[in-house]
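Each chain, letter by letter, is given below.
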Amino acid sequence: MAPEEQHFILSNLPPGPVQKRLALCIALALLVAFVITAGPLSTIQVGRIDAFVPAYATAMLVNDSITAILLFAQFSILRSRALLVIANGYLFTALILIPWMLTFPGVFAPIGLIGGLQSTAWLYISWHAGFPIFVIAYALLKDADADERLSRSSAGIAILASAAVTAGLVCAATFIATAENALLPRIMLDAVRLSSLWPYAAAFAALSNVVALIVLWLRRRSVLDLWLMVVLCAYVIEICLISFPVPIRFSVGWYA
């Protein structure tokens with residue numbers, strides 16, 4: 001690809017003032033939503049709606065799958081290892097939603113179709129702590145891509161091989177969360193209430209996203225970098241909404 005053509009690719013195009021303002025507005029709106037939900041709305045009791053879980057998971061699965069496909073397509077053009085990594089990051093989040101939904105109590109079975117009481121929560125931690133690892137790897141590989149890129153003939157093989165590895169990671173996380181459910185630390189008291197260990201697991205996941213956000217901020221250059229930072233902000237706020245003021249499922253914060 002000619003250098004002048006690369007400027008129109010999402011991972012190379014620098015963000016303009018309008019895009020920066022939009023990203024900032026979205027991040028601030030998420031922060032305001034957290035303050036309102038964790039404050040004035042925190043005392044409101046919401047009924048359990050089991051249909052919400054598959055609807056949410058399906059929407060996220062479609063969204064993340066489309067994003068992964070678009071990023072794989074950009075990788076096939078630029079053959080950038082960094083793009084391959086972040087494409088697999090979105091593939092990871094899409095695939096792990098499937099066992100997360102299958103283990104969720106009350107969706108397909110009273111205690112989940114597979115796994116046990118702790119499975120869903122630990123898959124959630126794997127999901128939200130795993131994605132920022134892909135983001136960190138993406139940020140660190142961006143500079144190396146300028147000197148070394150994959151050949152055109154190996155791009156398809158790289159996509160298939162990396163996707164297989166990502167699927168293997170999801171299978172491994174699922175196996176640990178389901179087959180070894182009894183050995184995992186107990187972060188769920190029952191199908192609704194989270195235990196006193198949850199804040200530590202949630203803090204680990206949130207800190208992983210904060211670290212990824214800092215690394216990406218220091219190496220930001222493109223539109224893709226900007227919106228990945230927005231995604232990481234959303235992940236941190238999501239984890240906090242579940243944890244504060246009361247860590248419990250089907251609360252206002254949990255639905256938000």
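Residues numbered from 1 in each chain as written. Predicted model: local features only at pLDDT ≥ 70, side-chain atom pairs only at ≥ 80, totals over all residues. Heavy atoms only, no water.

A.B. asks: What's the story with the overall build of the protein in this structure? I'm lost.
C.D. replies: Helix and strand content of the protein: nine helices and zero strands. For the protein, the succession of helices and strands along the chain, N to C, is α-α-α-α-α-α-α-α-α. Taking 18 Å as the expected radius of gyration for a compact globule of 256 residues, we find that the protein reaches 19 Å, a close match to that expectation. Taken along its principal axes, the extent of the C-alpha atoms in the protein is 55 × 40 × 30 Å. The long-range share in the protein, meaning contacts at least 24 apart out of those at least 6 apart in sequence, stands at 79%. (Helix = DSSP H or I, 4+ residues; strand = E, 2+ residues; numbered from the N terminus. Rg over C-alpha atoms; globule rule 2.2 N^0.38 Å. Contact = heavy atoms within 4.5 Å.)

A.B. asks: Sorry if this is basic, but what is going on with the packing of helix 4 (residues 81–103) against helix 6 (residues 155–179) here?
C.D. replies: Put simply, helix 4 and helix 6 touch, their axes get as near as 9 Å, and they point 35° apart. Taken as a pair, helix 4 and helix 6 cross one another with a handedness that is right-handed. Contacts from Leu-84, Asn-88, Leu-91, Phe-92, Leu-95, Ile-96, Pro-99 and Thr-103 of helix 4 reach helix 6 at Ala-158, Ile-159, Ser-162, Ala-163, Thr-166, Ala-167, Val-170, Thr-174 and Thr-178. Looking at the contact of helix 4 with helix 6 residue by residue, the class counts come to 11 nonpolar, six polar and no charged. (Axes fitted to C-alpha atoms, helices over the stretch in contact; angles between N-to-C directions. Left-handed = near helix turned anticlockwise from the far one by under 90°. Nonpolar A, V, L, I, M, F, W, Y, C, P; charged D, E, K, R; others polar.)

A.B. asks: Looking at this structure, how should I read unusual backbone geometry?
C.D. replies: For residues that are not glycine, phi is negative in most cases, and the peptide bond is trans in most cases. The phi angle at Arg-79 is positive, at roughly 55°, despite the residue not being glycine. Within the element layout of this structure, Arg-79 appears in the loop between helix 3 (52–78) and helix 4. Phi at Phe-250 takes a positive value of approximately 65°, unusual for a residue other than glycine. As for its position among the elements, Phe-250 is in the loop between helix 8 (223–243) and helix 9 (252–255). Residue Phe-250 is classed as buried on the basis of its relative accessible area, which comes to 5%. (Buried < 20%, exposed > 50% of the residue type's maximum accessible area, 1.4 Å probe, protein only.)

A.B. asks: Quick question: what am I supposed to make of the pattern of salt bridges here?
C.D. replies: Pairs can form between side chains of opposite charge whenever their charged atoms are close. The tally for this structure, following the rule as stated, stands at three salt bridges. Here Arg-48 ties to Asp-50 by a salt bridge, and the two come within 2.7 Å at their closest N and O atoms. We classify Arg-48 as partly exposed; its relative accessible area is 38%. Owing to a relative accessible area of 30%, Asp-50 belongs among the partly exposed residues under this scheme. The salt bridge partner of Asp-190 is Arg-193, with a shortest N-O separation of 2.7 Å. (Salt bridge = Lys/Arg side-chain N within 4 Å of Asp/Glu carboxyl O.)

A.B. asks: I'm lost on the packing of aromatic side chains in this one. Help?
C.D. replies: As enumerated under the stated definition, the model contains 16 aromatic pairs in all. Geometrically, the ring pair formed by Tyr-90 and Phe-131 is edge-to-face, given 5.1 Å between the ring centres and 75° between the ring planes. Of this pair, Tyr-90 sits in helix 4 while Phe-131 sits in helix 5 (residues 119–145), placing them 41 residues apart in sequence. Aromatic pair Tyr-124 and Trp-198: ring centres 6.1 Å apart, planes at 45°, arrangement tilted. Of this pair, Tyr-124 sits in helix 5 while Trp-198 is found in helix 7 (residues 198–218), placing the two residues 74 residues apart along the sequence. The residues Tyr-124 and Trp-198 share a single accessibility class, namely buried. An aromatic cluster is defined as three or more aromatic residues linked by ring pairs; in this entry it consists of Phe-52, Tyr-56, Trp-100, Phe-104, Tyr-124, Trp-127, Trp-198, Phe-250, Trp-254 and Tyr-255. If you follow Arg-220 out to its NZ or CZ, it ends over the ring of Trp-217, 3.8 Å from the centre. (Phe/Tyr/Trp six-rings, centres within 6.5 Å; stacked < 30°, edge-to-face > 60°. Lys NZ or Arg CZ within 6 Å of the ring centre and 35° of its normal.)

A.B. asks: In this structure, what is going on with the nonpolar core? I would like to understand it.
C.D. replies: Soluble globular proteins: nonpolar side chains tend toward being buried together. By size, the foremost hydrophobic cluster in this structure holds 64 residues, and its most contacted members are Ile-86 and Trp-100. With 13 residues, helix 4 is the single largest residue contributor to this core. Discounting residues that sit within four places of it in the chain, Trp-100 has contacts with Val-53, Tyr-56, Ala-57, Thr-120, Leu-123, Tyr-124 and Trp-127. Core analysis: the second largest hydrophobic core is formed by five residues, Phe-34, Val-236, Cys-240 and Leu-241 among them. (Core = buried A, V, L, I, M, F, W, Y, C linked by side-chain atoms within 4.5 Å.)

A.B. asks: Teacher, can you tell me more about helix 2 (residues 17–38) here?
C.D. replies: An α-helical segment advances 3.6 residues per turn. Residues three or four places apart therefore align on the same side. The end-to-end C-alpha distance of helix 2, which contains 22 residues, comes to 31 Å, matching closely the 32 Å that a straight helix rising 1.5 Å per residue would cover. Listed as buried for helix 2 are Ala-23, Ala-27, Phe-34 and Thr-37. The buried residues of helix 2 all sit within an arc of 95° when viewed along its axis, so they share a single face. Set apart from the buried face of helix 2 by more than 90 degrees, the exposed residues are Pro-17, Val-18, Arg-21, Leu-24 and Val-35. On its buried face, helix 2 is in contact with helix 8 and helix 9. (Expected span 1.5 Å × (residues − 1). Arc of directions from axis to C-beta.)

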